[in-house]
Amino acid sequence: MRLLRHVPLRGLAVVLVTLIAGACLLSYYRAQPAAPAETDQRLKEQRLKDQARQRAVRAAMKHAWAGYRAHAFGKDELQPLSKSFNQRWGGWAITMVDALDTLYLMGMMDEYEDAKRHVTTIDFSKTPPGHLVPVFEMTIRALGGLLGAYELDNDPKLLQKAKQVGDTLAKAFNTPTGLPYPALDLSGANSNKAKAFVCIAEGGTIQLEFKKLAQLTGEQRFRDIADRAAEALEKGDRPIKGLYPTFIEVVSGAYNVWSGYSVGSEADSFYEYLLKQHILHNMHQPKFGERYVTSVEAVKERLLGRSASGLAFLGSLASPDASLIPEMQHLACFYPGLLALGAQAMDRPQDLTLAEELARTCYLSYKSMATGLGPERFSLAARKHRRAPPAANRPSVLEAEPPKGDISAADPRYILRPETLETLFVLYRVTGDTKYQDWGWEIFQSIEKYTRVDDGYAAYLDVTRTTAAGNLQDSMESFFLAETLKYLYLLFSPTNLLPLNEFVLNTEAHPFRIMPN
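In this numbering scheme, every chain counts its residues from 1 along its sequence in written order. Residues qualify for local features only when their pLDDT is at least 70, as the model is predicted, and side-chain atom pairs are given and counted only at 80 or more; totals for whole chains, interfaces and linings, by contrast, use all residues. Each side-chain value is derived from all of the structure's non-hydrogen atoms; neither hydrogens nor water enter the calculation.

What to know about the sheet that holds strand 5 (residues 197–199)
Here is step 1 of the chain: Pairing within the open sheet is antiparallel, and its three strands lie in the order 5-6-7. Of all the strands in the sheet, the pair left with one neighbour each is strand 5 and strand 7 (255–256).
Here is step 2 of the chain: A pair of strands counts as paired when DSSP detects no fewer than two bridges linking them. The helix count covers DSSP runs of H or I at least four residues long, the strand count covers runs of E at least two residues long, and both are numbered beginning at the N terminus. By the bridge criterion, three bridges tie strand 5 to strand 6 (residues 247–249) in an arrangement that is antiparallel. Note that in strand 6 the partner of C199 across the bridge is F247.

Next comes the structure, spelled out in structure tokens:
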């Protein structure tokens, strides 16, 4: 205004009116939609870019599957460096079962039919003597994988095999509380201890699978298994409303209130299934929606922290009265996607804002590392106070550059995990913002650059080092095919492929159709 100080009053009015009119006109033209031809051209370019990226992800799946087919077909996992295999999941060909619906969705039908023929010959009632069946993992990978493939293919042989897996795993739930023992010895030996504890993820991540199995087979007993375990988790006394201690005793149903609180390892998918049970029931089981909302408010109050620069993160508590630990697990990076899904399903727009902030933190945990790969756990430079900074002072979720020194690797491994990509997929579907596609593409390029080997993909030991020598692990977990590559493929696919108003994905990314009323 110094330039206008000596202008006569009448002249000043004319100048101001002219400036305002010009500003309004400029604003008007900026606000006008692009011309149809320009819009069509942009959409065409975006489609072409999406299709190219989708083809690249499909090629990665073909490469991973070719290594498995050559060196581990019918076995549990490929070991890509030694070009061999392991049977650590009991010989149920878990990579094959877990990858079935990914093969189907990507249109790899020759590979799919080849795998399905083998899967339908497996006896899921047996394992080698002495092998302990991990109930949680086989529920989400084997039962979930067979049900997901059946939902797409409708081949009754797949449902028969899913029922066989369900019958096998049901034996673990024969307890006073209905909570499952964490492991099952099919040889008949008593491997369960009277004081056995189960984590809440193990007790609370079987509900989608057993309820879907009950719906498809018409057998109520499978639904009863899911309901008993869910209610046992709800009955136990808890010192923090909305948060659940990590471990609970199988026989008594008593929580160990000193076993920690987080949305990371051993707890993550329990919180996920509170919302997803509500969605699976087509929003007609409100108790699950209410439990989800209560848990979200507790997470915001007790587990949400801010770094020195204001980055949002989800830490953990060692005990009810403990201070927040300023460290976030890669596993917890599913939670922003859950918040976005809940924001859409339950009309909670305030959760979408937080989801975008947390997603940025998870993305930056990749971008901050020399390889562009995300660490298993990362620490954040802590604020002196937990209170969030004013909204005007928070970093924009549009900013892509990590604040210097704000994020460091606490556990530098990248074991081909999917959680950040899961969140980017859900956020893209909910918001339509293509920056989430761009972030996912950056991550995929780092996966290709640092983890791809001659016969598959290998876990990476230290994401802060770009030298591959001595930095690769002879492991390709089944979730890389079931989740990581699937979420990447869906991220660049048209939204009518597995629309989120028709399907809910289990915690292993297997698609279940939302049940009718």
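Concerning the confidence of the model for the protein
Here is step 1 of the chain: A residue's pLDDT is simply how confident the predictor is in it, with values from 0 to 100. Averaged over the protein, the pLDDT score is 91; the fraction of residues at 70 or greater is 88%.
Here is step 2 of the chain: Contacts were defined at the residue level, with two residues in contact if any of their heavy atoms lie within 4.5 Å. Within the model, the stretch residues 1–32 combines pLDDT values under 50 with three contacts to residues more than four positions away or in other chains.
Here is step 3 of the chain: The low-confidence segment residues 384–395, where pLDDT is below 50, has 20 contacts with residues more than four positions distant or belonging to other chains.

As for the packing of helix 5 (residues 135–153) against helix 8 (residues 207–217)
Here is step 1 of the chain: Where helix 5 contacts helix 8, the two axes come as close as 10 Å, and the packing angle between them is 40°. The pairing of helix 5 with helix 8 is recorded here as oblique in orientation. Like other packed secondary-structure pairs, helix 5 and helix 8 cross with a definite hand, here left-handed. Contact residues: helix 5 offers T139, I140, L143, G144, L147, Y150 and E151, while helix 8 offers E209, F210, K212, L213 and L216. Every axis in this analysis is a line fitted to C-alpha atoms, fitted for helices over the stretch in contact. Angles between the N-to-C directions lie between 0 and 180 degrees. The labels follow the angle: roughly parallel below 35 degrees, roughly antiparallel above 145, roughly perpendicular from 65 to 115, and oblique for the rest. Should the near helix be turned counterclockwise from the far one by less than a right angle, the crossing is left-handed, whereas a clockwise turn marks it as right-handed.

Here's the deal with the environment of V250
Here is step 1 of the chain: By the secondary structure assignment, V250 is in the loop between strand 6 and strand 7.
Here is step 2 of the chain: When its relative accessible area of 0% is taken as the criterion, V250 is described as buried.
Here is step 3 of the chain: The spatial distance from the C-alpha of V250 to the C-alpha of A232 is 9.3 Å, given a sequence separation of 18 residues. Partly exposed residues are those whose accessible area sits between 20% and 50% of the maximum for their type, while under 20% is buried and over 50% is exposed, using a 1.4 Å probe and protein chains only.

Some thoughts on the pattern of salt bridges
Here is step 1 of the chain: For this document, the term salt bridge refers to a Lys or Arg side-chain nitrogen within 4 Å of an Asp or Glu carboxyl oxygen. Evaluated as defined, the whole model comprises 40 salt bridges.
Here is step 2 of the chain: One continuous salt-bridge network, built from bridges that share partners, spans E77, R88, E137, R141, E477 and E508.

Focus: the sheet that holds strand 11 (residues 377–380)
Here is step 1 of the chain: The three strands are arranged 10-11-12 in an open sheet whose pairing can be described as antiparallel. Only two strands of the sheet have a single partner each, and these edge strands are strand 10 (327–329) and strand 12 (407–411). The average angle at which neighbouring strand axes cross in this sheet is 30°, direction not considered.
Here is step 2 of the chain: Note: strand 10 against strand 11, three bridges, orientation antiparallel. Note that in strand 11 the partner of E327 across the bridge is S379.

As for unusual backbone geometry
Here is step 1 of the chain: Even without being glycine, L498 reaches a positive phi, approximately 55°.
Here is step 2 of the chain: Of note, L498 is situated in the loop between helix 16 (478–491) and strand 17 (503–505).
Here is step 3 of the chain: Positive phi, close to 70°, is recorded for A509, a residue that is not glycine.
Here is step 4 of the chain: Its place among the elements puts A509 in the loop between strand 17 and strand 18 (511–513).

Side note on the state of the cysteines
Cysteine pairs can be covalently joined through their sulfur atoms, and such a bond is termed a disulfide.
Here is step 1 of the chain: Here, a disulfide means two cysteine sulfur atoms that sit within 2.5 Å of each other. According to the stated counting rule, one finds one disulfide in the structure shown.
Here is step 2 of the chain: One disulfide bridge connects C333 with C362, the sulfur atoms lying 2.1 Å from each other. One quick way to see it: the torsion about the S-S bond of C333 and C362 is about -95°, and its sign makes the bridge left-handed. Here C362 lies in helix 13 (residues 349–367) and C333 lies in the loop between strand 10 and helix 12 (335–345), a separation of 29 residues in the sequence.
Here is step 3 of the chain: On the accessibility criterion, C333 (0% relative accessible area) is buried.
Here is step 4 of the chain: The class of C362 is buried, set by a relative accessible area of 0%.

A word on the packing of aromatic side chains
Here is step 1 of the chain: Only centres within 6.5 Å qualify two rings of Phe, Tyr or Trp (six-membered ring in Trp) as a pair; their planes then separate them into stacked at under 30 degrees, edge-to-face at over 60, and tilted for everything else. Within the structure shown, the criterion is met by 19 aromatic pairs.
Here is step 2 of the chain: Across from the ring centre of W439, 6.0 Å away, lies the NZ or CZ of K435, which sits over that ring. Look at NZ for Lys and CZ for Arg. If either is within 6 Å of the ring centre and within 35 degrees of the ring normal, a charge sits over the ring.

Quick look at the nonpolar core
Here is step 1 of the chain: If you look at the biggest cluster of nonpolar residues, it comprises 151 residues, and the most contacted ones within it are L146, F210, Y271, M328, Y335 and F480.
Here is step 2 of the chain: Leaving out residues up to four positions away in the same chain, F480 has contacts with A64, L416, I447, Y457 and L485. Residues belong to one nonpolar core when they are buried, are Ala, Val, Leu, Ile, Met, Phe, Trp, Tyr or Cys, and are joined through side-chain atoms within 4.5 Å.

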